[in-house]
Amino acid sequence: MKTIYMKLLAVVSFTVLLYACGNAKKAVRKSANPVVAHRGAWKENNLPENSIASLRQAIALHCAGTEFDVRMTADDSLVINHDPVFHGLKIEASAYADLVKTTLANGEKLPTLYEYITAGLQENTGTTLVVEIKPSDIDKAHAAAAARKVYNTITALHAGNKVQYISFDYDILLTLEQLNKRVITQYLNGDKSPVQLKADGIDGADYHFSVYQKHPEWIKELKAQRLIANAWTVNESKDMLVLLGSGIDYITTNEPGLLFSLLKERQQ
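Read on for an overview of the structure. Computed from a predicted structure; not experimentally measured.

Each value, and the rule that gives it
- Residues numbered from 1 in each chain as written.
- Predicted model: local features only at pLDDT ≥ 70, side-chain atom pairs only at ≥ 80, totals over all residues.
- Heavy atoms only, no water.
- 1 Å grid on protein atoms, 1.4 Å probe; cavity = no way out; pocket = protein on both sides within 12 Å on 5 of 7 lines; lining within 4 Å.
- Points joined across faces, edges and corners; volume = space filled by probe spheres on them.
- Helix = DSSP H or I, 4+ residues; strand = E, 2+ residues; numbered from the N terminus.
- Nonpolar A, V, L, I, M, F, W, Y, C, P; charged D, E, K, R; others polar.
- Core = buried A, V, L, I, M, F, W, Y, C linked by side-chain atoms within 4.5 Å.
- Buried < 20%, exposed > 50% of the residue type's maximum accessible area, 1.4 Å probe, protein only.
- Contact = heavy atoms within 4.5 Å.
- Salt bridge = Lys/Arg side-chain N within 4 Å of Asp/Glu carboxyl O.
- Phe/Tyr/Trp six-rings, centres within 6.5 Å; stacked < 30°, edge-to-face > 60°.
- Axes fitted to C-alpha atoms, helices over the stretch in contact; angles between N-to-C directions.
- Parallel < 35°, antiparallel > 145°, perpendicular 65-115°, else oblique.
- Left-handed = near helix turned anticlockwise from the far one by under 90°.

## Observations concerning empty space enclosed by the protein
If you walk through the whole model with that rule in mind, you get two cavities of 30 Å³ or more. Considered as a void within the structure, the largest cavity measures approximately 50 Å³ in volume. Of all the secondary structure elements, the ones that give two or more residues to the lining of the largest cavity are strand S2 (65–72) and helix H5 (140–156). Its residues assigned to classes, the lining of the largest cavity shows six nonpolar, two polar and three charged. In this model, the second largest cavity occupies a volume close to 40 Å³.

## Digging into the nonpolar core
By size, the foremost hydrophobic cluster in this structure holds 58 residues, and its most contacted members are Tyr165 and Tyr212. Ranked by the residues each element gives to this core, the list is headed by H5, at six residues. If we ignore the near neighbours within four places in the chain, the residues touching tyrosine 165 are Val131, Ile133, Val150, Tyr151, Ile154, Leu173, Leu176, Val183, Ile184, Thr185 and Gln186. Val36, Ala64, Ile184 and Leu188 belong to the second-largest nonpolar core, a separate cluster that totals eight residues.

## So, the pattern of salt bridges
Overall, the coordinates contain eleven salt bridges when judged by the stated rule. With a shortest N-O distance of 2.9 Å, lysine 134 and glutamate 132 are connected by a salt bridge. Here lysine 134 falls in the buried class, since its relative accessible area comes to 12%. Lysine 223 is the salt-bridge partner of aspartate 249, the closest N and O atoms lying 3.0 Å from each other. Taken as a pair, aspartate 249 in the loop between helix H10 (237–246) and strand S11 (250–253) and lysine 223 in helix H9 (residues 217–224) lie far apart in primary sequence, 26 residues in all. Given the relative accessible area of 40%, lysine 223 is considered partly exposed. One network of salt bridges, with partners in common, ties together Arg39, Glu49, Asp69, Glu132 and Lys134.

## Considering the packing of aromatic side chains
For any pair of aromatic rings, the description consists of the separation of the ring centres together with the inter-plane angle of the planes. Summed over all chains, the structure comprises six aromatic pairs. Note on tyrosine 207 and tryptophan 218: the rings are 6.0 Å apart at their centroids and 50 degrees apart in plane angle, and the pair reads as tilted. Residue tyrosine 207 is found in strand S9 (residues 204–208), and its partner tryptophan 218 is found in helix H9; the two are separated by eleven residues along the sequence. In terms of burial, tyrosine 207 and tryptophan 218 fall into one category: buried.

## A look at the packing of H5 against helix H6 (residues 170–179)
Close contact between H5 and H6 brings their axes to 9 Å; oriented N to C, the two are set at 45 degrees. Our classification of the angle between H5 and H6 gives oblique. By crossing handedness, the relation of H5 to H6 is classed as right-handed. For the pair H5 and H6, contact is made by Lys140, Ala143, Ala144, Ala147, Arg148 and Tyr151 and by Asp171, Ile172, Thr175, Leu176 and Leu179, respectively. Of the residues assigned to the contact of H5 with H6, the class counts are seven nonpolar, one polar and three charged.

Right, dumping it as structure tokens:
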């Protein structure tokens, strides 16, 4: 009887452990540097923003992360573009086949999320793919559907451990957290305190640097809550230096080369 009880206890304990592991938060991977390329590393080489070429350049520079923007078309295709309109066509109201009739400035076609993630996994040893899911101009249901499709695409590509999610739409992040507590999410809008983010299961703040100027205590509070502290979009050396001195985890910038040079100077 005692042997049966011990076996039963072991099975129950293993089941509980599996459940806990499946629902526990994924550990945030430590990076060798704080540099996140905003829409890829495009500026120095005159590449289109959010292009696969700018993505590959960010990876070649060994940025800690490279950010890009995702929108869903009228026929439920996920494409990479910052603005809601691409060459006069509203993305959410257009079919993918119509959008790709016009190319990017370097001749690339408008990338899909599948193509972008696939390219981002190649020869990439340490650059996180930072997926910004844009709010919908249609409604919250469309935004939630886009979030679910983004998550499913990334999962199908086995890229979950290379990805973090950001959004200005808090509900999008909550949708992702409901799908999988192990995803890493950061909020962009700057109107939630670190305590509120922690309470809602969001993993960090990716706020405009002016928010930290107004709330300098938030960086320490984020660290105290074991949350990510990220700042966007920081392009001036003076602002970069202030943030580096504050202990910020990541700095999102259109000038990754400049930020790398400042980091090198600080280490000398």
